Amino acid sequence: KRQNIYCQVFRFKKLTNPKIRYKIKMNASQLGLKGTCLRIGDQGSGIIIIVGKEKSCRFFNKLVTKRIKWDENYEDRDTKTVADMTGNYCKQVWEGYSNDLKFPNLFMKVCEDESDLLHTLQQFNAQSFISAFKQSS
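Conventions used here
Residues numbered from 1 in each chain as written. Predicted model: local features only at pLDDT ≥ 70, side-chain atom pairs only at ≥ 80, totals over all residues. Heavy atoms only, no water. Phe/Tyr/Trp six-rings, centres within 6.5 Å; stacked < 30°, edge-to-face > 60°. Helix = DSSP H or I, 4+ residues; strand = E, 2+ residues; numbered from the N terminus. Buried < 20%, exposed > 50% of the residue type's maximum accessible area, 1.4 Å probe, protein only. Polar contact = N/O pair within 3.5 Å; in protein donor to acceptor, adjacent residues only side chain to side chain. Contact = heavy atoms within 4.5 Å. Core = buried A, V, L, I, M, F, W, Y, C linked by side-chain atoms within 4.5 Å. Pairing = 2+ DSSP bridges.

**Quick word on the packing of aromatic side chains**
How two aromatic rings sit relative to each other is set out by the distance from centre to centre and by the angle between their planes.
In step 1: Enumeration over the complete set of coordinates arrives at six aromatic pairs.
In step 2: Between Phe12 and Trp70, the ring centres sit 5.9 Å apart and the planes meet at 20°, which makes this aromatic pair stacked. Of this pair, Phe12 sits in strand 1 (residues 5-12) while Trp70 sits in the loop between helix 2 (54-67) and strand 4 (74-75); the two residues are 58 residues apart in sequence, bridging distant segments of the chain.
In step 3: One aromatic cluster is present, built from ring pairs that chain together Phe103, Phe107 and Phe124.

**A short note on unusual backbone geometry**
In step 1: A positive phi angle is found at Lys80, which is not glycine, with a value near 60°.
In step 2: Considering the arrangement of structural elements, one finds Lys80 in the loop between strand 4 and strand 5 (82-83).
In step 3: Positive phi, close to 60°, is recorded for Asn125, a residue that is not glycine.
In step 4: With respect to the helices and strands, Asn125 occurs in the loop between helix 3 (114-123) and helix 4 (130-134).
In step 5: Classification of Asn125 as partly exposed rests on a relative accessible area of 30%.

**Here we look at the side chain of Gln8**
In step 1: Relative to the elements of secondary structure, Gln8 occurs in strand 1.
In step 2: Here the side chain of Gln8 touches Glu95 through a polar contact of 3.4 Å, side chain to side chain.
In step 3: Look past the residues within four positions of Gln8 in its chain and what remains in contact with it is Ile48, Ile49, Ile50, Cys57, Arg58, Asn61, Gln92, Trp94 and Glu95.

**Observations concerning the nonpolar core**
Soluble, globular proteins show a tendency: their nonpolar side chains are buried together.
In step 1: Within the largest apolar cluster, 20 residues are counted, with the highest numbers of intra-cluster contacts made by Val9, Ile47, Ile49, Phe103, Leu117 and Phe129.
In step 2: For this core, the elements supplying multiple residues, two or more each, are strand 1, strand 2 (34-40), strand 3 (46-52), strand 7 (107-111), helix 3 and helix 4.
In step 3: Apart from residues lying up to four places away in sequence, Phe129 is in contact with Cys7, Val9, Ile47, Ile49, Trp94, Leu101 and Leu121.

**What to know about the pairing of strand 2**
In step 1: Burial of strand 2 is extensive: six of the seven residues sit out of reach of the surface.
In step 2: Where strand 2 meets strand 3, six bridges bridge the pair, whose relative direction is antiparallel. Note that in strand 3 the partner of Thr36 across the bridge is Ile49.
In step 3: Between the antiparallel neighbours strand 2 and strand 3 lie five residues, among them Gly41 with a positive phi of about 65°.
In step 4: Pairing between strand 2 and strand 7: five bridges, direction parallel. Bridge pairing in strand 7 places Ile40 opposite Cys111.

Rendered as structure tokens:
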């Protein structure tokens, strides 16, 4: 019998800052977490789903909800323009146990639209989290 896996789901407004993407990916890897980070288009909102040990998930939660400054402006390397991140956020929308998720190590994907995002969630038996993504901020 497989044991239930601890899971947390976060919703963010934008994930355009490459430093934040790097922090999310590296910390998830170091904490041994699996899951996904999906966003719609390059400027769109998205969802982070992580699964793993409860202690690791709590540490990751502190990282994305407290330590990362989501609303901090940054300079785009290519265009040399400063991206205005005012009002950007990441918040936890669900946590609990699940035993049906089939995620590999954390991976990030830019989806074309909401149906592409739903299709990706379905591949990992995580389509139930589409409602967390659709929650209005």
